[in-house]
Amino acid sequence: MEQTLEFAERTHAGKPQLPLALRLIRNTGVRKRHLVQPIEQTLEHPGFEERNRIYETESKKRCPDVVEEALANAMLRAEDIDAIVYVSCTGFMMPSLTAWLINTMGFRYDTRQLPIAQLGCAAGGAAINRAHDFCAAHPDSNALIVSCEMCSLCYQPDADDIGSLLSDGLFGDAVAAAVVRGRQDPGVTGVRLRRNASYLIPNTEEWISYAVRGTGFHFQLDRRVPGTMEPLAPVLRDLAAGHGWDAADLDFYIVHAGGPRILDDLARYLGVDREVFRHSWGTLTEYGNIASAVVLDALRRRFEEGPLPTGATGVIAGFGPGITAEMALGTWVDGTDGGRPAAGAARRPYAGRTA
């Protein structure tokens, strides 16, 4: 963050909006971010064509390792995967990276491909939901999720409005992967997905958007975006209530860390302590807003924090352009105890899959 502030002060020296932008950046809660290039190179603009070449090169270099790790965690091999959901909003390839992964990493040639490019930060939740839908339709199948976000490749040196400057200090780069298994086998720990839902806040499609110009993707952020948790919190409550749960009384919360106000407002409108979002806060602090990869990294932190009793309830939610919310309910399965509900835990009907 110190580097970010230093470069912002130097690059935009003398501009009247700079003091406000620096204050907003300091208040993001971001302390560190990872970029695919040194920050000096990031601040240059070699042209859209060169940036997209970097995107393709870096995605092919960095995705295989996380895919291998996700497969190993799920105790599966590449040939066991029936569908690949690939999400990214920071570069463009046709065919999608899914084709390269299939040809390079030993996936079957009849593997379904589902690339999603335009859901932005909501795409992490959407990827989980579409993988869940696929496995619900094909109960013995397995789906791989890959998120590849290189937000730094969208930096525009000439964009100096408050929204752009704030974004320059908020977003980071990341690659993540996860597996949704269609069948629970002994020893598998994870989230048994119960149901999912999507919601679009009416007439907000211009609040988060790209302007596509000769210099590439220009990120546009409306100042009203931080207030979107007020209309979305009731949607989350209704989703949980429809499943017989109380959204204010769940055991884990994996939500998109768009910024500190998003998390604070969601805590307030759901009536929960902000500490329940500690995994999302950890992602924001250590990586920044990494778009679709946030929910996957926050979920990783939930895994690494330690076991929950089988049957523990939770929600996964991503928010992004539209304004769109992609939400899923799930229960924890602790494979080390055979997946049996803890003493006193209410048994719930099986209606989902394991992520």
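Provided above is the structure to which this section pertains.
Described in the following lines is the structure provided in the data block. The structure presented is a predicted model; accordingly, all values stated were derived computationally and were not measured.

### Some thoughts on the side chain of Thr98
Okay, so step 1: Summarising the element assignment, Thr98 is placed in helix α5 (residues 97–105).
Okay, so step 2: Only 2.7 Å separates the side chain of Thr98 from the side chain of Gln113, close enough to count as a polar contact.

### Let's talk about the packing of aromatic side chains
Where two aromatic rings form a pair, the distance of their centres and the angle of their planes describe that pair.
Okay, so step 1: Following the criterion strictly, the structure yields seven aromatic pairs and no others.
Okay, so step 2: Where Phe171 meets Phe219, the ring centres are 5.2 Å apart and the plane angle is 75°; that geometry is what we call edge-to-face. Here the residue Phe171 occupies a position in the loop between α7 (162–168) and β4 (173–181), and Phe219 occupies one in strand β7 (residues 216–221), the gap between them amounting to 48 residues.
Okay, so step 3: Note on Phe171: relative accessible area 16%, which makes it buried.

### Here's the deal with the pairing of strand β1 (residues 83–87)
Okay, so step 1: Burial of β1 is extensive: five of the five residues sit out of reach of the surface.
Okay, so step 2: The two faces of β1 match: Ala83, Val85 and Val87 on one face and Ile84 and Tyr86 on the other face are all buried.
Okay, so step 3: Sheet topology places β1 next to strand β2 (residues 112–116); five bridges connect them, and they run parallel. Pairing of Ile84 across the sheet is with Gln113, part of β2.
Okay, so step 4: In the classification by handedness, the crossover that spans β1, the intervening α5 and the parallel β2 is right-handed.
Okay, so step 5: Bridge count between β1 and strand β3 (residues 142–150): five bridges; the pairing is parallel. When the sheet's bridge partners are listed, Ala83 is paired in β3 with Ala143.

### A few points about the pattern of salt bridges
A side chain with one charge can pair with a side chain of the opposite charge if their charged atoms come near.
Okay, so step 1: The tally for this structure, following the rule as stated, stands at 26 salt bridges.
Okay, so step 2: In this structure, Glu6 and Arg10 form a salt bridge, with 2.8 Å as the shortest nitrogen-oxygen distance. Placement of the pair is Glu6 and Arg10 together in helix α1 (residues 2–11), with a separation of four residues, close to one helical turn.
Okay, so step 3: Owing to a relative accessible area of 43%, Glu6 belongs among the partly exposed residues under this scheme.
Okay, so step 4: Several salt bridges converge on common partners, so that one network encompasses Glu286, Asp297, Arg300, Arg301 and Glu304.

### Section: helix α8 (residues 229–242)
Okay, so step 1: Taking 1.5 Å per residue, 14 residues should reach 20 Å; α8 reaches 20 Å between its end C-alpha atoms and fits that length.
Okay, so step 2: The set of residues buried in α8 consists of Met229, Leu232, Ala233, Val235, Leu236, Leu239 and Ala240. Along the axis of α8, the buried residues cluster in a sector spanning 160°; they form a single face.
Okay, so step 3: Next to the buried residues of α8 lie β5 (190–200), α9 (260–270), β9 (313–320) and β10 (324–333).

### What to know about the packing of α9 against helix α10 (residues 278–287)
The description of two packed helices rests on the angle between their axes and on the distance between the axes.
Okay, so step 1: As a packed pair, α9 and α10 sit with axes 11 Å apart at the nearest point and diverge in direction by 170°. With respect to α10, the axis of α9 lies roughly antiparallel. Where α9 approaches α10, its residues Pro260, Leu263 and Asp264 are matched on the opposing element by Ser280, Trp281 and Leu284.
Okay, so step 2: Looking at the contact of α9 with α10 residue by residue, the class counts come to four nonpolar, one polar and one charged.

The rules behind the values
Residues numbered from 1 in each chain as written. Predicted model: local features only at pLDDT ≥ 70, side-chain atom pairs only at ≥ 80, totals over all residues. Heavy atoms only, no water. Helix = DSSP H or I, 4+ residues; strand = E, 2+ residues; numbered from the N terminus. Polar contact = N/O pair within 3.5 Å; in protein donor to acceptor, adjacent residues only side chain to side chain. Phe/Tyr/Trp six-rings, centres within 6.5 Å; stacked < 30°, edge-to-face > 60°. Buried < 20%, exposed > 50% of the residue type's maximum accessible area, 1.4 Å probe, protein only. Pairing = 2+ DSSP bridges. Right-handed = clockwise from strand over helix to strand, strands pointing away. Salt bridge = Lys/Arg side-chain N within 4 Å of Asp/Glu carboxyl O. Expected span 1.5 Å × (residues − 1). Arc of directions from axis to C-beta. Contact = heavy atoms within 4.5 Å. Axes fitted to C-alpha atoms, helices over the stretch in contact; angles between N-to-C directions. Parallel < 35°, antiparallel > 145°, perpendicular 65-115°, else oblique. Nonpolar A, V, L, I, M, F, W, Y, C, P; charged D, E, K, R; others polar.

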